[in-house]
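# Summary of the model geometry
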Number of protein chains: 2
Amino acid sequence: MRAACHAPIRGDFTGLRGLEWDKMLHCPAQAARAIPTISAATSMSQTRHVFFISDGTGITAETLGHSLLAQFPDTRFRNHRLPFIDSTDKARDCVQRIKDAAIESGIRPIVFNTLVDPSAVAALREADALFLDLFEKFIEPLENELGQRSTHAAGRFHGIADSQDYKKRIEAINFTLAHDDGVSHADLAEADVILVGVSRSGKTPTSLYLAMQFGIKAANYPLIPEDFERNRLPVELTRYRGKLFGLTIGPDRLSQIRQERRPNSRYASLENCLHEIESAQRMMKREGIKWLDSTAKSIEEISTIILQEVRLDPQSY
Amino acid sequence: MRAACHAPIRGDFTGLRGLEWDKMLHCPAQAARAIPTISAATSMSQTRHVFFISDGTGITAETLGHSLLAQFPDTRFRNHRLPFIDSTDKARDCVQRIKDAAIESGIRPIVFNTLVDPSAVAALREADALFLDLFEKFIEPLENELGQRSTHAAGRFHGIADSQDYKKRIEAINFTLAHDDGVSHADLAEADVILVGVSRSGKTPTSLYLAMQFGIKAANYPLIPEDFERNRLPVELTRYRGKLFGLTIGPDRLSQIRQERRPNSRYASLENCLHEIESAQRMMKREGIKWLDSTAKSIEEISTIILQEVRLDPQSY
């Protein structure tokens, strides 16, 4: 049974041979899969293999790693996420994976790791690689500064240390889903922020990111042609002016996005997009609603600006 | 006009005096707000102020910082996110904020920074603080290893370098929303994964996280009492067995979650929860669907396990 539960070695061989998935995963025997070999899985040479190794999910290590590697646009990198490495045995398995990658590419890999357990770290260091240890680099200066030993508790990278916080976050996601696209007016008083803007200006992904990353209850409400004809804010929103934040978008980009939804419609036409955007901006200006242009921004950037502007200061998860 | 657009100094004075918001934010004059002073905003002593300073959103710096600080549970930290610090002038404003915090708390602050521009870094270093520089610590070893100078391009931490990637991610979010809770069977063939499980087993937040963080098209489909009576998988799913992944949950926890939704209902009763969970697990076992127990896991952990199991290896954003 256990053999069938080994994580597969995939195209780029993320997943870990020998990892005891059965502790956390039910794996019916009939789901056993063939395990392709590494040599069959990769062929590019001159590619630098990069491993993100963590006793947790590895998401933090990977996000930081991508940001750093983006500073070297001329190098081709191949990324491997090895999460849940919480024993020396698993660390030894990682060593083998790193060695295989070095042989395959002919050059030593780069390893970003956030392992906390010293014996697991020692086992991992047997590999020949450039180790960029997020824990080691920063924990010692912090210990010196604070005059305390760190707890060396594993799995704290991107953990859910505090279950109250986690519950709040899940509640925010549920709230945001229930208040997407003006679906419900109920409980709008509970919203931390209400995003407004024309259809497809970026309200929904931004609301979800605010909920997911920051535990913010973010409703969103579309401004539609009827609102512009009446020339006033939807009446449901007027009670919550202090929570409103607007998104706008360039007309070309809006037309392009809408074309994908409803090709050759009036809805998607550049002329109509321009009209809606101008009307919405006029309305927001008159109503004293702050807004920003989402055209060239990521949902991370939009969300960060909104947090500052609506005076919310949640923890990032 | 510009004066009215300064980011406010909030309760814990995140937001930056003198930041030129007008470049990215429309700020109607009537939205000007009073700016509370720092001394009024904080009162706890023996609290260590922590700054996350970035030329981008600061989300990466903050996530890593939280993980490291969680290793020191006996110290109280107060966090301040200072994003979009992309000039020496803004860096100098940060210095003042750090100084104010040091005076207020009587102890020097800790600064996690990801600034790339050397002159902005130099300006920031004027402050008396423990600097934990995510860029500096890792970029030099990477330059040596790769034999290349880094581009020193600012704003690459958590950026949207590749717009194709970003588009894919937004598409995944839209797909996931359109295929939440079995709402639509259309285009299920496009799904990267289809989560199944009883109502409130964690499918929706997990699907959204997979889409948001990894650009995965994650549909989800509830297993309901009618399925258990018929004793077979919903017919819409049988064509996509290879994409199915199950979530289960402890009966106590499920009953608790459902109580909050529909207090004292049969739906929420422990007996019914137990029955549904057992039926669902029996069905998944028979159909060869892998599953995991979501009870004590974060959506990051659940998502990371699913990625490995369904052999998806996307980049983390």
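Residues numbered from 1 in each chain as written. Chains lettered and ligands numbered in written order. Predicted model: local features only at pLDDT ≥ 70, side-chain atom pairs only at ≥ 80, totals over all residues. Heavy atoms only, no water.

Quick note on the threshold: UniProt positions are given in the numbering used here, feature names are shortened, and annotations may be inferred rather than shown by experiment.
Identification of chain A as Putative phosphoenolpyruvate synthase regulatory protein from Zoogloea oryzae is taken from an unreviewed UniProt entry. Taken verbatim from the UniProt record of chain A, the Sequence similarities (unreviewed entry) comment is "Belongs to the pyruvate, phosphate/water dikinase regulatory protein family. PSRP subfamily." UniProt annotates chain A under Function (unreviewed entry) with the comment "Bifunctional serine/threonine kinase and phosphorylase involved in the regulation of the phosphoenolpyruvate synthase (PEPS) by catalyzing its phosphorylation/dephosphorylation."

### Some details on the pattern of salt bridges
When the charged atoms of two side chains with opposite charge come close together, those side chains can pair. Counted only if it meets this: Only one rule defines a salt bridge in this text: a Lys or Arg side-chain nitrogen within 4 Å of an Asp or Glu carboxyl oxygen. Runs of E in the DSSP output that reach at least two residues are strands. Runs of H or I that reach at least four are helices, and both are numbered from the N terminus. Note on exposure labels: buried denotes an accessible area under 20% of the residue type's maximum, exposed denotes more than 50%, and partly exposed covers the range between, all computed with a 1.4 Å probe on protein chains only.
In this structure the tally under the stated criterion is 34 salt bridges over all chains. Between A:E145 and B:R48 there is a salt bridge, with its nearest N and O atoms 2.9 Å apart. Here B:R48 lies in strand β2 (residues 47–53) and A:E145 lies in helix α6 (residues 134–146), a pairing that spans two chains. With relative accessibility at 18%, the residue A:E145 sits in the buried group. When the shortest N-O distance is used, the salt bridge between A:R241 and A:E287 registers 2.4 Å. Here A:R241, found in the loop between α9 (225–230) and β8 (244–248), pairs with A:E287, found in helix α11 (residues 270–287); they are 46 residues apart in sequence, far enough to count as distant.

### Considering unusual backbone geometry
Excluding glycine, residues mostly have negative phi values, and the peptide bonds linking residues are mostly trans. Residue and element names in this part refer to chain B. The phi torsion at D187 lies on the positive side, around 60°, for a residue other than glycine. Inspection of the secondary structure assignment puts D187 in the loop between α6 (163–178) and β6 (193–198). The phi dihedral of N231 falls on the positive side, at around 55°, and the residue is not glycine. Mapped onto the elements, N231 comes out in the loop between α8 (225–230) and β8 (244–248).

### Observations concerning the sheet that holds β2(B)
Residues and elements named next belong to chain B. Just so we agree on the cut-off: Pairing between two strands is assigned when DSSP locates at least 2 bridges connecting them. The axes used here are C-alpha line fits, helices contributing only the stretch in contact, and every angle between their N-to-C directions lies in the interval 0 to 180 degrees.
Taken together, the 4 strands give an open sheet; going across it, the order is β3-β2-β4-β5, and neighbouring strands pair in parallel fashion. Across the chains shown, the open sheet's two edge strands, defined by having one partner strand only, are β3 (76–82) and β5 (130–133). The average angle at which neighbouring strand axes cross in this sheet is 20°, direction not considered. Sheet analysis places β2 next to β3, joined by 7 bridges and oriented parallel. Within β3, the residue paired with V50 across the bridge is N79.

### As for the environment of B:S184
All names here are of chain B. Quick note on the threshold: By definition, residues are in contact when any of their heavy atoms lie within 4.5 Å.
Among the secondary structure elements, S184 is positioned in the loop between α6 and β6. With 35 residues separating them in the primary sequence, S184 and A219 have C-alpha atoms 9.1 Å apart. Those residues in contact with S184, other than ones at most four positions away along the chain, are A178 and H179.

### Some thoughts on α6(B)
Definition in use: Take the residue count of a helix, subtract one, and multiply by 1.5 Å to get its expected span.
An ideal rise of 1.5 Å per residue puts 22 Å on 16 residues; α6(B) measures up with 22 Å between its terminal C-alpha atoms. Within α6(B), the full set of buried residues consists of B:Y166, B:R169, B:I170, B:A172, B:I173, B:N174, B:F175 and B:T176. The elements touched by buried residues of α6(B) are α8 (203–214), α10 (251–261) and α12 (299–309) of chain A together with α7 (203–214) and β7 (218–223) of chain B.

### Describing the UniProt feature "binding site: ADP" (unreviewed entry) in chain A
UniProt records the feature "binding site: ADP" (unreviewed entry) for A:G197, A:V198, A:S199, A:R200, A:S201, A:G202, A:K203 and A:T204 in the present numbering. The residue A:G202 is located in the loop between β6 (193–198) and α8 in this model. By the secondary structure assignment, A:T204 is in helix α8. The class for A:T204 is buried, based on a relative accessible area of 15%. In this structure, A:T204 is in contact with A:D180, A:N220 and B:L177, ignoring residues within four places of it in sequence.

### Focus on the packing of aromatic side chains
Residues and elements named next belong to chain A. For clarity, the threshold we go by: Only Phe, Tyr and Trp rings are paired, with Trp represented by its six-membered ring, and only when their centres lie within 6.5 Å; those with planes under 30 degrees apart are stacked, over 60 edge-to-face, the remainder tilted.
Under the counting rule described, the total for this entry stands at 5 aromatic pairs over all chains. With a centroid separation of 5.5 Å and 20° between ring planes, the pair formed by F52 and F112 is classed as stacked. Residue F52 is located in strand β2 (residues 47–53), and its partner F112 is located in strand β4 (residues 110–113); the two are separated by 60 residues in the primary sequence. Pair check on accessibility: F52 and F112 agree, each one buried.

### Focus: the sheet that holds β4(A)
Residues and elements named next belong to chain A. Pairing within the open sheet is parallel, and its 4 strands lie in the order β3-β2-β4-β5. Strands at the two margins of the open sheet, each flanked by one partner only, are β3 (76–82) and β5 (130–133). For this sheet, the mean inter-axis angle between neighbouring strands, taken without regard to orientation, is 20°. Lying over the sheet, α6 contacts β4 and β5, oriented at roughly 45° with respect to β5.

### Quick look at the environment of A:T57
Our working definition: Pairs of N or O atoms within 3.5 Å make up the polar contacts considered here, provided that, within protein, one atom can donate a hydrogen while the other can accept it, and that residues adjacent in sequence are counted only when both atoms are side-chain atoms.
Mapping A:T57 onto the fold places it in the loop between β2 and α3 (59–69). In terms of polar contacts, A:T57 uses its side chain to reach the backbone amide nitrogen of A:I59, at 3.2 Å.

### Some details on the confidence of the model for chain A
Note the threshold: One confidence number per residue, pLDDT, is output by the predictor and ranges from 0 to 100.
Per-chain confidence: chain A averages 83 in pLDDT, with 82% of residues scoring 70 or above. For the stretch residues 27–45 of chain A, pLDDT sits under 50, and the model shows 42 contacts to residues farther than four places along the chain or on other chains.

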